[in-house]
Amino acid sequence: IVGNQYAVIAKDATFWTALLNNMLFAVIVVPVQTALALLLAILINQKLAGMNVFRTVYFSPVVTAMAIIAVVWSFLYNPQFGLINQMIDTFSGGQLGPYEWLQSSSMAMPAIIIMSIWQGVGFQMVIFLAGLQDIPEDLYEASSIDGAGVLQKFRYITLPMLRNTMVFVVLTTTILAFRLFDQIQIMTPDGGPRESTATMVWYAIRRGWGQSEVGYASAISVVFVGIVLLISLAQRGLVRSESAVA
């Protein structure tokens, strides 16, 4: 019976759609969110007045419940009175929009990706900030004496010293990207138009909780855990091989 469940999964078009959506989400969110988090961490690591305020502002979405954020962004994306469409209309002089962000099969997932990056970037920013503050200031002072510029310091000091932090951020962001569920369930409860926002966790819960197919949902969950484990191991192996070459 267990084997039959996996055979059915292999022929399930919705499962493959959900897997591809998870892959698309991870491929976009992981590098973009990581890069933005590093940029923000570098900016707020400057010894300027008011930096603590910016740290709080950037990190506040992380400690806010995803349900609240998803509801707020659903209103922002509203095609009739949403603030995003109104801003686009204003800045384009009425030439663009309105867009049906969550009602369009081609725009629903990009809309959720934008919201997810905004919501989660503060978490990675704090981790990078901790890594930046552990870098000895003497290294930057010595490089300045040697005539190194800003980009040279970033390439030869900041990035190498943040290597372990970068690995942790990428791994955790990848895992969080694959467990995408809350914003899907709240913003597009039916998996979006034409299942354009369906994900593996959403599909497993839908089959297990919504349709009472616990065995099938368990099989999907096992496959999901195996895929995430393989991706994590592949990332760790790649990092180790690059370290060996370096």
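Scroll up for the structure.
Residues numbered from 1 in each chain as written. Predicted model: local features only at pLDDT ≥ 70, side-chain atom pairs only at ≥ 80, totals over all residues. Heavy atoms only, no water.

Asker: Could you clarify how one ought to interpret the environment of Trp-118 in this entry?
Answerer: Tracing the chain through its elements places Trp-118 in helix α6 (residues 108-133). As a C-alpha pair, Trp-118 and Val-62 span 56 residues in sequence and 9.2 Å in three-dimensional space. Excluding residues that lie within four positions of it along the chain, Trp-118 makes contacts with Pro-61, Ile-69 and Trp-73. (Helix = DSSP H or I, 4+ residues; strand = E, 2+ residues; numbered from the N terminus. Contact = heavy atoms within 4.5 Å.)

Asker: Sorry, what's going on with the side chain of Thr-172 here?
Answerer: Topologically, Thr-172 is positioned in helix α9 (residues 163-178). At a separation of 3.0 Å, a polar atom in the side chain of Thr-172 contacts the main-chain carbonyl oxygen of Val-169. (Polar contact = N/O pair within 3.5 Å; in protein donor to acceptor, adjacent residues only side chain to side chain.)

Asker: How should I be thinking about the side chain of Gln-124 in this particular structure?
Answerer: Checked against the element boundaries, Gln-124 lands in helix α6. Taking the relative accessible area as the measure of exposure, Gln-124 reaches 2% and is therefore buried. For Gln-124, the contacting residues outside a window of four places in its chain are Gln-33, Ala-37, Val-169 and Thr-173. (Buried < 20%, exposed > 50% of the residue type's maximum accessible area, 1.4 Å probe, protein only.)

Asker: For this particular structure, what's the right way to read the packing of helix α2 (residues 13-44) against α6?
Answerer: The relative placement of two packed helices comes down to the angle between their axes together with the axis-to-axis distance. Look at α2 against α6: their axes get within 6 Å of each other, and the N-to-C directions meet at 40°. Between α2 and α6, the crossing angle belongs to the class labelled oblique. By crossing handedness, the relation of α2 to α6 is classed as right-handed. A breakdown of the residues in the contact of α2 with α6 according to their chemical character gives 21 nonpolar, 6 polar and no charged. (Axes fitted to C-alpha atoms, helices over the stretch in contact; angles between N-to-C directions. Parallel < 35°, antiparallel > 145°, perpendicular 65-115°, else oblique. Left-handed = near helix turned anticlockwise from the far one by under 90°. Nonpolar A, V, L, I, M, F, W, Y, C, P; charged D, E, K, R; others polar.)

Asker: It is not clear to me how a nonpolar patch on the surface should be interpreted in this structure. Could you clarify?
Answerer: On the surface, a cluster of nonpolar side chains totalling about 570 Å² of accessible area is made up of Leu-24, Val-27, Ile-28, Val-32, Leu-36, Leu-39 and Leu-43. Turning to its location among the elements, Val-32 is positioned in helix α2. By relative accessible area, Val-32 is classed as partly exposed at 34%. (Patch = residues over 30% accessible without salt bridge, like charges linked within 9 Å, V, L, I, M, F, W, Y side chains within 5 Å. Areas by Shrake-Rupley, 256 points an atom, 1.4 Å probe, with all protein chains shown as cover. Salt bridge = Lys/Arg side-chain N within 4 Å of Asp/Glu carboxyl O.)

Asker: So what exactly am I meant to see when it comes to α9 here?
Answerer: For an α-helix, 3.6 residues make a turn, and residues three or four places apart therefore share a direction. In this model α9 runs 23 Å from its N-terminal to its C-terminal C-alpha over 16 residues, within 8% of the 22 Å that 1.5 Å per residue would give. Looking at α9, one finds that the buried residues are Thr-165, Val-167, Val-169, Leu-171, Thr-172, Thr-173, Thr-174, Ala-177 and Phe-178. (Expected span 1.5 Å × (residues − 1).)

Asker: What is the right way to read the pattern of salt bridges from this model?
Answerer: Two side chains bearing opposite charge may form a pair once their charged atoms approach each other closely. Taken as a whole and assessed by the stated rule, the structure comprises 3 salt bridges. Two residues, Glu-195 and Arg-206, come together in a salt bridge whose shortest N-O distance is 3.9 Å. Note that Glu-195 is positioned in the loop between α10 (182-187) and α11 (200-210) and Arg-206 in helix α11, a separation of 11 residues in sequence. The class for Glu-195 is partly exposed, based on a relative accessible area of 24%. A relative accessible area of 33% means that Arg-206 is categorised as partly exposed. Ionic pairing is found between Arg-207 and Glu-213, a salt bridge with its closest N-O pair at 2.4 Å. Overall, Arg-207 belongs to the buried group, its relative accessible area being 14%. In the salt-bridge network here, residues are joined through shared partners; they are Asp-12, Arg-207 and Glu-213.

Asker: For this particular structure, what's the right way to read the nonpolar core?
Answerer: In summary, soluble globular proteins display a tendency toward joint burial of nonpolar side chains. Ranked by size, the top nonpolar core spans 40 residues in total, and within it Phe-25, Tyr-77 and Met-187 carry the most contacts. Of all the elements in the fold, those that place two or more residues in this core are α2, α4 (66-76), α6, α9, α10, α11 and α12 (214-245). The element contributing the most residues to this core is α2, with 7 residues. The contacts of Phe-25, once residues within four sequence positions are left out, are Val-30, Met-109, Ile-112, Ile-113, Ser-116, Ala-177 and Leu-180. In this structure, Leu-38, Met-51, Ile-135 and Ile-157 belong to the second largest nonpolar core, which totals 17 residues. (Core = buried A, V, L, I, M, F, W, Y, C linked by side-chain atoms within 4.5 Å.)

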